[in-house]
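Residue-level structural notes
The residues making up each chain are set out below.
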Amino acid sequence: MNRFVLALPITAALVGTVSPPTLARMQESRPELMKRAEALTNAKDWAAAEPLYNKAIALDPKDAMGWLMRGFVRSQNNNLDGAIADDTSGLIALALSEGTAHLRVIAYTNRADAWRAKNEPLRALVDAIAACISEEGFAAAWSVRGDAQYLLGNLEQAKICLEKTLALDKSRIRTYTEEGAQKNAHNHRTLDDKTDIEPDFKAAVAAAAAGESGKAMAGYTRIIEIRPLTPGAWGNLGNLHFNAKHYELAIADYSMAVTAAGINKVVDSQAINLMNRANAYTRLGRLAEAVNDLELAVKVKPDDTRAVGLLKTAREALAAAPSETLAPLERAQKYFAQAEKAGLFESAQPRAAAKKILDELIAAEPKNAAALVLRGKLANLGMIGVVKEAREFFDRALAADPNNPDALYEHAQALTSSFTATDADRAQALKELKQAVARGRTDSAARLKLADALSGARDLAGAAEQLDLVIQADSKNPDYFTKRAVLRQQQKNGAGALADWSQVVALKPTPGNYANRGDAYVENKQFAEALADFDKAILLAPKDADHLVGRARAKRLKGDKSGALADYTKAHELDATLPAVAANLSDADKADAARHDFKRLIGKLADSSKQVNESFAEVNKAQRAKDKAEARLRRLLVGDKRTDAEILADFESDSKSSTLDEEDYLSRARVFARQEKLDEAIADCTKAIGLKSDNHEAYNWRGVCYETKKDFEKAFADYDKAVSIRPQSATYLRNRGDIHYALKRFDAAWSDYDKAVADEPKEATNYFKRGNASFQRSKFDDAINDYTKALELKPDLKAAADNREVAKRRKAAGG
């Protein structure tokens, strides 16, 4: 295929127009939507047309015309990124429906035009070439292609394209000058089909493996500048952007990779980049586009089990997603609810979907207070306190609508979320919380926040009133009774506090709640009841020293000094941070105070935090294992292109993160074997086998090392084990056969080679080796036949030709 030089960005004008074909009537409103949208488009009312195309696409995301027409409208609104995204989706929809070449050429040309307008000539050239291939007689495509070549400084190619353009449409006049081309050439490398890009490619791969993403990006960009139709360079550049969470950039790169792979007819690369782009779409919440990409991946490579599995998952996610026909704010709210319920690693997709919807809605309606509030909550999802970005959205929401109860509530929380909050902040927050409740935020969360603010302002009666209302609305939540019990204790309402603590114990009978009610009984001088509660707390949590101190205090105040001393002593033995108490109990107050000492409680929290951090470390370790699994799957699909140095560097990195497994040891063993460090390779294979006893590859590689060391018996034992685990592996059978052959066990060798032939009947080596075994068994006809078959499969296998001649001579000589 003729590889052209890169293309340039073009003007943002529609380079081809087509009357939409009759569309299938999926829902009654869709044809009318498209008809109205087209009328508005013809009237150049772009702003009014786009929402109608949005609805049409929502009703049928597989119909190309909705995407292509919206892309045109967006280009007229100078939304070039949106136009490119829509042309991309339109191209996929066309491929799925096997749409006409004319529609394809329009989509490619329009996308190339948008790339040119964004000053992205390389991308423009790739799309322009695809357009010219789709329909050779489309003048606009050749025009874009010529402009692209000129912008890249390729004057000769630009003129060739211009000649082609004018032959098709004389109105598309261009002026390309030597001076202009030379000026453009200073900014770009010269396209070159002859330059060997392999060294640059390997260097970029090595840089990526070493974590030098900037260096890797520069390397892949250099390759693209030299040879823009290299799908691997585009795809790997997309991977780097994806890993950096720059999903939009990754989608653009994967799109170029898909197009370049299609031009070069490299099905594997096309399928892989479609899958990768689908993953990026999913991270952005664009599930319909992800499903379309995966459907095309399965279409171009139906035997790809990974693509089939990903498609199934994506379809399930799309089915569970909020309907595209809902109002944007309602849809965003549903995605937000999904993100709230999801775990740490599962919330990315619904969070991204909600963000996309809200950002678009706020761009169109910058004073939509409800959208601004939800966007702030989204920014704060999973965070401790209120982050700066969220605070900014809440500020904007309150400025947009000072009476919006949700804006008042969220803004009040933001005012007091920081340790640097001032008295003025707290006073303003109290004012806003009162307004929020007065204007309709009467849910439990809002009333609880107001109660806390009132309590902080020493308005205990007002706080109690709010808590009473909360409990009236939900009398089954122990946390609400706990708050009111503490408040009543502050109000010196002992009976009320006891009543609430009893409700807490009934709803949530934990050791801590029994102890809290025990303290309330002590304050009421009801020592028998207090001791019963502390006994229950200690029975449930015998190693919690604080409960022993609580019971000791109850016994001491009751007059049971010996019982109190026993409990204080045992508490100190369990927890040395609690002070020892003298036999006469003269310093018992110190132990009682330590039980509620803030610094000591912080220390206990620090211990808990350490445990949490260790749990997070395990989560991170699990995520690293997941990333490794994805990388291995990618290597299975495209081959392991890592250098030995990269494999060793990966091993060291995984060793530091404690994520080494049997595959890592086996990979390093292969490196050691290639470097002829046989003992080290054997040790790593042994480690891999220890981690996974049925690791047939490790047995095989250890056998290879033993065979290289001429330790045939150990080699045979390992090959034999590999065959027992994987009896249909021609490689293992052939290797075991080699040991039989080396030990002159020719019948056994022939048997293994025969099984290898049955497993891999198109592998020349199997016939060659079986021929050798037949020769040693004086089966010369069989040997000649096998050598002949080996040569049919691999004509340059000189050893087979030589051995066949020897076999013929031996046969002629009578053996």
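Sequence order sets the numbering: in each chain, residues are counted from 1 along the sequence as written. Only residues with pLDDT of 70 or above have their local features reported here, since the model is predicted, and side-chain atom pairs are shown and tallied only from 80 upward, although totals for entire chains, interfaces and linings are computed over all residues. Each side-chain value is worked out from all heavy atoms of the structure, with water and hydrogens disregarded.

Comments concerning the overall build of the protein chain
Put simply, DSSP marks the helices as runs of H or I at least four residues long and the strands as runs of E at least two long, and each gets a number from the N terminus on. Check the secondary structure of the protein chain and you find 42 helices and zero strands. The buried share of the protein chain, reckoned over its 815 residues, is 47%. Whether two residues are in contact is decided by their heavy atoms, any of which lying within 4.5 Å being enough. Considering only intrachain contacts with a sequence separation of at least 6, the fraction spanning at least 24 residues in the protein chain is 55%. For every residue, the accessible area (1.4 Å probe, protein chains only) is compared with the maximum for its type, and the residue is labelled buried under 20%, exposed over 50%, or partly exposed between those bounds.

Thoughts on the packing of helix α4 (residues 80-97) against helix α14 (residues 267-283)
Helix axes are fitted to C-alpha atoms over the stretch in contact, other axes to C-alpha atoms as well, and angles between N-to-C directions run from 0 to 180 degrees. Interhelical geometry of α4 versus α14 gives an angle of 130° and a closest axis separation of 14 Å. As the angle between them shows, α4 and α14 are arranged oblique. Remark: the crossing between α4 and α14 carries left-handed chirality. Judged by residue contacts, T88, S89 and I92 of α4 engage L274, R277 and Y281 from α14. Lys, Arg, Asp and Glu make up the charged group, whereas Ala, Val, Leu, Ile, Met, Phe, Trp, Tyr, Cys and Pro make up the nonpolar group; the residues left over, Gly among them, are polar. Looking at the contact of α4 with α14, its residues break down into three nonpolar, two polar and one charged. Any angle between 65 and 115 degrees counts as roughly perpendicular, while under 35 counts as roughly parallel, over 145 as roughly antiparallel, and the rest as oblique. Rotating anticlockwise by less than a right angle from the far helix to the near helix defines a left-handed crossing, while the corresponding clockwise rotation defines a right-handed one.

Quick notes on the side chain of R488
Tracing the chain through its elements places R488 in helix α25 (residues 478-490). By relative accessible area, R488 is classed as buried at 19%. Between N or O atoms, a polar contact is any pair within 3.5 Å; within protein, one atom must be a potential hydrogen donor and the other a potential acceptor, and residues adjacent in sequence are included only when both atoms are from side chains. Reaching out from R488, the side chain makes a polar contact with the side chain of D500 at a distance of 3.1 Å. Contacts of R488, omitting those with residues within four sequence positions, involve D468, N493, G496, A497 and D500.

So, the packing of aromatic side chains
Ring pairs (aromatic) are described by centroid distance and by the angle formed between their planes. Planes of paired rings set the category: under 30 degrees apart is stacked, over 60 is edge-to-face and the rest tilted, where pairs are Phe, Tyr or Trp rings (Trp by its six-membered ring) whose centres lie within 6.5 Å. What the rule picks out here adds up to eight aromatic pairs. Between Y741 and F746, the ring centres sit 5.2 Å apart and the planes meet at 70°, which makes this aromatic pair edge-to-face. Counting as a charge over the ring demands two things of the Lys NZ or Arg CZ atom: a distance within 6 Å of the ring centre and an angle within 35 degrees of the ring normal. Taking the ring centre of Y409 as reference, the NZ or CZ of R441 above it sits at 4.1 Å. Geometry around W750 places R777 over its ring, the cationic atom sitting 5.0 Å from the centre.

Let's talk about helix α36 (residues 696-708)
In this model, α36 (13 residues) spans 18 Å end to end at C-alpha, consistent with the 18 Å of a helix rising 1.5 Å per residue. Backbone geometry just downstream of α36 places K710 in the positive-phi region, at approximately 65°. In a helix, the anticipated span is given by 1.5 Å times the number of residues less one.

What to know about the pattern of salt bridges
Any carboxyl oxygen of Asp or Glu within 4 Å of a side-chain nitrogen of Lys or Arg constitutes a salt bridge here. Applying the stated criterion across every chain, the model contains 59 salt bridges. The shortest N-O distance in the salt bridge between R123 and D253 comes to 2.7 Å. Separated by 130 residues along the polypeptide, R123 in helix α6 (residues 121-134) and D253 in helix α13 (residues 247-264) bring together distant segments of the chain. The buried category is assigned to R123, whose relative accessible area is 11%.

Remarks on the state of the cysteines
Cysteine sulfur atoms are paired as a disulfide whenever they come within 2.5 Å of each other. This structure, assessed with the given rule, holds zero disulfides. The structure places no disulfide on C161, whose sulfur is separated from the nearest cysteine sulfur, that of C132, by 6.6 Å. Given the relative accessible area of 0%, C161 is considered buried. As a non-bridged cysteine, C685 has C705 as the owner of its nearest cysteine sulfur, 5.4 Å distant.

A word on helix α16 (residues 305-320)
The end-to-end C-alpha separation of α16 is 23 Å, in line with the 22 Å expected for 16 residues at 1.5 Å each. Taken together, the buried positions of α16 are A307, L311 and A314. All buried residues of α16 project into a common sector of 70° when viewed along the axis, lining one side. Every exposed residue of α16 that faces more than 90 degrees away from the buried side is listed here: T305, K312, A319 and A320. Residues of α16 that are buried sit in contact with α14 and α15 (287-300). Among the residues of α16, the N-terminal cap falls to D304, whose side-chain oxygen and the backbone nitrogen of R306 are separated by 3.0 Å. To be clear, the arc concerns the directions from the helix axis to the C-beta atoms.

A closer look at the packing of α4 against helix α5 (residues 101-117)
In contact at an axis separation of 9 Å, α4 and α5 are set at 160° when each is read in the N-to-C sense. By the angle between their directions, the pair α4 and α5 is classed as roughly antiparallel. Seen from above, α4 lies across α5 with left-handed handedness. Residues L80, I84, D87, T88, L91 and L94 of α4 touch α5, and the partners they reach there are L103, R104, A107, Y108, N110, R111, A114, W115 and A117.

Here we look at the nonpolar core
We define the nonpolar core as a collection of buried residues of types Ala, Val, Leu, Ile, Met, Phe, Trp, Tyr and Cys that are connected through side-chain atoms lying within 4.5 Å of one another. Formed by 66 residues in total, the largest nonpolar core has its most connected members in Y335, L358, L450, L487, W501, V522 and A554. Residues in contact with L450, not counting those within four places in the same chain, are L430, L433, K434, V437 and Q466. In terms of nonpolar packing, the next biggest core, distinct from the first, is built from 65 residues, A49, L59, F138 and A257 among them.

Describing unusual backbone geometry
Its identity is not glycine, yet R458 carries a phi of approximately 65°, on the positive side. Checked against the element boundaries, R458 lands in the loop between α23 (444-456) and α24 (460-473).

Observations concerning the side chain of E410
Mapping E410 onto the fold places it in helix α21 (residues 405-416). None of His or the chain ends enter the tally, which takes Lys and Arg as positive and Asp and Glu as negative. The side chain of E410 sits in the buried core without any salt bridge; K377 is the nearest counter-charge, 4.2 Å away. In this structure E410 touches V373, K377 and F394, once residues within four positions along its chain are discounted.

A word on the confidence of the model for the protein chain
Here the protein chain averages 86 in pLDDT, and 89% of its residues register 70 or above. Low pLDDT (under 50) marks residues 1-28, which in the prediction has 110 contacts with non-local residues, meaning those over four places away or in another chain. Residue-level confidence of the predictor is summarised by pLDDT, bounded by 0 at the bottom and 100 at the top.

Considerations on the environment of D786
Position of D786 among the secondary structure elements: in helix α41 (residues 780-793). When residues no more than four places from it in sequence are discounted, the contact partners of D786 are Y767, R770, G771 and S774.

Considering the environment of D589
If you trace the backbone, D589 turns up in helix α31 (residues 588-595). The exposure class of D589 is exposed, given its relative accessible area of 53%.

Thoughts on the environment of T731
Residue placement: T731 occurs in helix α38 (residues 730-742). Its relative accessible area of 30% is what places T731 among the partly exposed residues. Sequence separation between T731 and N700 is 31 residues, and the spatial gap between their C-alpha atoms is 8.8 Å.

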